[in-house]
Amino acid sequence: MDSLCKSDQMEVMNSDVNATTFYENKSHTVKVFEVLQSLRKDKFLCDIKLETDDGGVVCGHKVVLLSASNYFRAMFTSFGERYEDAVKIRYLDSYILQLLVDYIYTGKIMVSKKNVQVLLPAANLLQLDYVKDACVEFLKTQLDPTNCFSIRAFAELHNCSELVSSSEAYVQKQFVDVVKGDAFLSLSSKEVIKLISNNVLNAPEEKVYDCVIKWVKHRLDMRRGNLPKLMEHVRLPLVSIGYISKKVVKEPLLKKSPKCKKFVTEALYFHSLKAQQIISIPQTIQNTPRKSGQKVILVFSDLLETHWYDPTTNLWQTSQKFSLMDYDDCVDKLTVIKDYFVFIRGSTKSDAYVAIFNLSLKPPKLVVLENMAVYRIEFGFGVLDGCIYIVGGCGFQGHLDSSEVFDIHDEKWRTIAEMSTQRANLGVGVLNNLIYAVGGCSEDDDSTMMKSVECYDPSYDTWTEVEEMSVCRFNVGVGVMDGVMYAVGGENENGCLKSVEAYKPSSGWSSIADMHFPRMGSSVFPLDGLLYVVGGRDGQSEKQLDSIEIYNPNINTWSLEKMSEKMSKDIIDIVGGVIVDKELVTKFNN
């Protein structure tokens, strides 16, 4: 044995004396903290009891608590509590303190509607930044027209600047819905002015005027004197002349205010100059459109030619031909996330890619990113929280039940849970923070068309089947507007469809009015309370349809707009599109 040890030792000594290898046990820290948590639950070797105002007691180890929290670090190193085995934690209840101490030991925290309002300030108190950030992220997902003002006030109270910004951005974007609620009527005049003076408010100027009058009349005796100051920030010249004539000039509150009457006169004069086609109309803040008020529909053909449609003028304009340089100048899908155009090319060959065109850089830059985890074509896709979800499609072995997600910030793909069935040529909708896979086909020969629908919850990484549609729909267009998901056209064994169904999570699917023409593979866009269906084919011709169908849910009717002859020739095959600020289109063209 001794000789063997000496021999081994000599072999090592004779090798490179500088040779070293670093080994890392990645599960070491996790296992250590699992043991510590187990010891804490058994109250073994605990050296501190944290007592709360409600009489609860939470046990722990000082060294663990101070390692995660600057609050506990100061308490157990610089103050008298370092010598105590029990301390009082004021202003927290035992349930919340237990959650936070559990987080310190496990790195996991449960945030819910019930606890977030006390969890966030408690995390602030104990200086647990990750928990505070988790609460902020949760509240950002909960923003809706009824609570956005209260969430903003809560964020201001607790110095959560990111949540304040998100709340304000939500109010700006969803202005029309937000001002319908009672929360808007409870704002101070200063808060209303701050809101309506915003240059990026996403609202027709008629809605801005309406909300001002509504707010003043809500407490007329107290608010009458605020009207002139408020009307300074209504861009009355941008209100249509018909609306001014029917509503504005007849409003008694404006008639009784000399300053407000002056605003009306100036608006009428502006429209008079426009009618005379006066070119050099003086530019003022009152007649300058808000930047986010002008939305257009931007579409891409399969050869990356860009076109955009302005619903206010009913005009199409051709933008530019976009080049992916060394890559195949064709894409399957397009979307926009913040200042990024995102092009998606799926393929069963090696030329599949995702490319982003970053408009925030000077000059803008195109970056082609890594391939999808699975090569696929004829997939569906949707965007949620800055992530692109690729669903189903066809791959090397046929139709797919797999899905994957791409985070635009991390620039990484990751696989998510599989659907219950294989789907290709499906529609995808995003509703209430869920991804819906709608219809499609499940066989290689496309013979099995489906009417089934399932939804994916990113919080739980699970797919769940929901109520199916009334008919099978393959190559179906899907759009979401005002809490309703629409399945538009498509095809099945009976041919191309002009029928449309609407889905509400509370009541399921119901049929609405038919479109004028059968359409499959169309692009669907919600804008200002109307649903726009662009392009698609009718099943009889390979040519893209040269019309736009527009659905008004208030009267359950479709109107039809024809493209110009030039546009109908130019748009060969629309592969995707988005609703964007007109300003972004200008930025893209420059």
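Right above here is the structure, for reference.
Before going into details, it helps to say that this report is about the structure given with it.

### Thoughts on the packing of aromatic side chains
Applying the stated criterion to the full structure yields 12 aromatic pairs. With centroids separated by 6.2 Å and ring planes inclined at 85°, the aromatic side chains of Y209 and Y243 adopt a geometry described as edge-to-face. With Y209 in helix α13 (residues 205–218) and Y243 in helix α16 (residues 241–248), the pair connects residues that are 34 residues apart, well separated along the chain. For the residue pair Y209 and Y243, the accessibility class agrees, reading buried in each case.

### Side note on helix α18 (residues 258–275)
The end-to-end C-alpha distance of α18, which contains 18 residues, comes to 26 Å, matching closely the 26 Å that a straight helix rising 1.5 Å per residue would cover. For α18, the set of buried residues is C260, F263, V264, A267, F270, H271 and L273. Looking at the buried side of α18, the elements it contacts are α15 (227–231), α16 and α17 (252–255).

### Observations concerning the sheet that holds strand β22 (residues 484–488)
A sheet is described by the order of its strands in space; here 4 strands give the open sequence β21-β22-β25-β26, paired in antiparallel fashion. With one partner strand each, in any of the chains shown, β21 (477–481) and β26 (508–512) form the two edges of the open sheet. Across this sheet, the average inter-strand angle for adjacent strands is 25°, counted without regard to direction. The pairing of β22 with strand β25 (residues 500–504) spans 4 bridges and is antiparallel. If you follow Y486 over to β25, its bridge partner there is A502.

### Regarding unusual backbone geometry
Most peptide bonds take the trans form, and the phi angle of most residues other than glycine is negative. Of note in the backbone geometry, E378 takes a positive phi value of approximately 55° without being a glycine. Mapped onto the secondary structure, E378 falls in the loop between β10 (365–368) and β11 (380–384). Phi at N433 is positive, roughly 65°, even though this residue is not glycine. Along the chain, N433 falls in the loop between β17 (427–431) and β18 (434–438).

### Overview of the sheet that holds strand β27 (residues 523–527)
One key point about sheets: their strands pair by backbone hydrogen bonds, in either a parallel or an antiparallel sense. The sheet built from 4 strands is open, its strands ordered β27-β28-β29-β30 with antiparallel pairing. Where the open sheet ends on each side, the last strands, each with one partner, are β27 and β30 (557–562). Averaged over all pairs of adjacent strands, the angle between strand axes in this sheet comes to 25°, irrespective of strand direction. In terms of strand pairing, β27 meets strand β28 (residues 530–534) through 5 bridges, oriented antiparallel. The partner of P526 across the bridge, within β28, is L531.

### Notes on the nonpolar core
With 77 residues, the main nonpolar core has L50, F184, M231 and L236 as its most contacted residues. For this core, the element with the most residues is helix α5 (residues 94–106), which contributes 8 residues. Not counting the four nearest positions on each side in its chain, M231 is found in contact with Y209, V212, L236, L254, C260, F263 and Q286. Among the nonpolar cores identified, the runner-up in size contains 14 residues, and C387, A417, I435 and Y456 belong to it.

### Remarks on the environment of E465
Along the polypeptide, E465 turns up in strand β20 (residues 462–466). A relative accessible area of 55% places E465 in the exposed class. Here the alpha-carbon distance between E465 and S452, two residues 13 residues apart in the chain, equals 7.7 Å. Side chain to side chain, E465 and S420 meet in a polar contact 3.5 Å long.

### Description of the pairing of strand β15 (residues 403–407)
Within β15, 4 of the 5 residues are buried, which leaves it mostly tucked inside the rest of the structure. The sheet contact formed by β15 and strand β16 (residues 412–416) spans 5 bridges and is antiparallel. Following the sheet pairing, D407 is matched in β16 by K412. With antiparallel pairing between neighbouring strands as the criterion, β15 and β16 make up a hairpin whose turn holds 4 residues, including E411 at a positive phi of roughly 55°.

### Focus on the pattern of salt bridges
All chains considered together, the criterion is met by 16 salt bridges. Close ionic contact of E232 with K229 constitutes a salt bridge, the shortest N to O distance being 3.9 Å. A network of salt bridges, in which partner residues are shared, links E137, K140 and E162.

### Digging into helix α2 (residues 28–41)
Taking 1.5 Å per residue as the helical rise, α2 with its 14 residues ought to reach 20 Å, and the 20 Å between its terminal C-alpha atoms agrees with that figure. K43 occupies a position one or two residues after α2 and carries a positive phi of about 55°.

### Topic: the packing of α16 against α18
Direction vectors running N to C along α16 and α18 enclose 150°, while the axes themselves pass 10 Å from each other. On the basis of the axis angle, α16 is roughly antiparallel to α18. Crossing of α16 over α18 shows left-handed handedness. Across the interface between the two elements, I241, I244 and V248 of α16 pack against V264, A267, L268 and H271 of α18. For the contact of α16 with α18, the class distribution of residues is 6 nonpolar, 1 polar and no charged.

### Digging into a nonpolar patch on the surface
Taken together, the side chains of I241, V249 and L268 make up a nonpolar region of the molecular surface, amounting to roughly 200 Å² of accessible area. Within the secondary structure, I241 sits in helix α16.

### Things to note about the side chain of R235
Within the secondary structure, R235 is located in the loop between α15 and α16. Within the structure, R235 has its side chain in polar contact with the backbone oxygen of T288 (distance 2.7 Å). If sequence neighbours within four positions are ignored, R235 has contacts with S197, N199, E205, I285, Q286, T288, P289 and R290.

Here is what the cut-offs are and how they apply
- Residues numbered from 1 in each chain as written.
- Predicted model: local features only at pLDDT ≥ 70, side-chain atom pairs only at ≥ 80, totals over all residues.
- Heavy atoms only, no water.
- Phe/Tyr/Trp six-rings, centres within 6.5 Å; stacked < 30°, edge-to-face > 60°.
- Helix = DSSP H or I, 4+ residues; strand = E, 2+ residues; numbered from the N terminus.
- Buried < 20%, exposed > 50% of the residue type's maximum accessible area, 1.4 Å probe, protein only.
- Expected span 1.5 Å × (residues − 1).
- Contact = heavy atoms within 4.5 Å.
- Pairing = 2+ DSSP bridges.
- Axes fitted to C-alpha atoms, helices over the stretch in contact; angles between N-to-C directions.
- Core = buried A, V, L, I, M, F, W, Y, C linked by side-chain atoms within 4.5 Å.
- Polar contact = N/O pair within 3.5 Å; in protein donor to acceptor, adjacent residues only side chain to side chain.
- Salt bridge = Lys/Arg side-chain N within 4 Å of Asp/Glu carboxyl O.
- Parallel < 35°, antiparallel > 145°, perpendicular 65-115°, else oblique.
- Left-handed = near helix turned anticlockwise from the far one by under 90°.
- Nonpolar A, V, L, I, M, F, W, Y, C, P; charged D, E, K, R; others polar.
- Patch = residues over 30% accessible without salt bridge, like charges linked within 9 Å, V, L, I, M, F, W, Y side chains within 5 Å.
- Areas by Shrake-Rupley, 256 points an atom, 1.4 Å probe, with all protein chains shown as cover.

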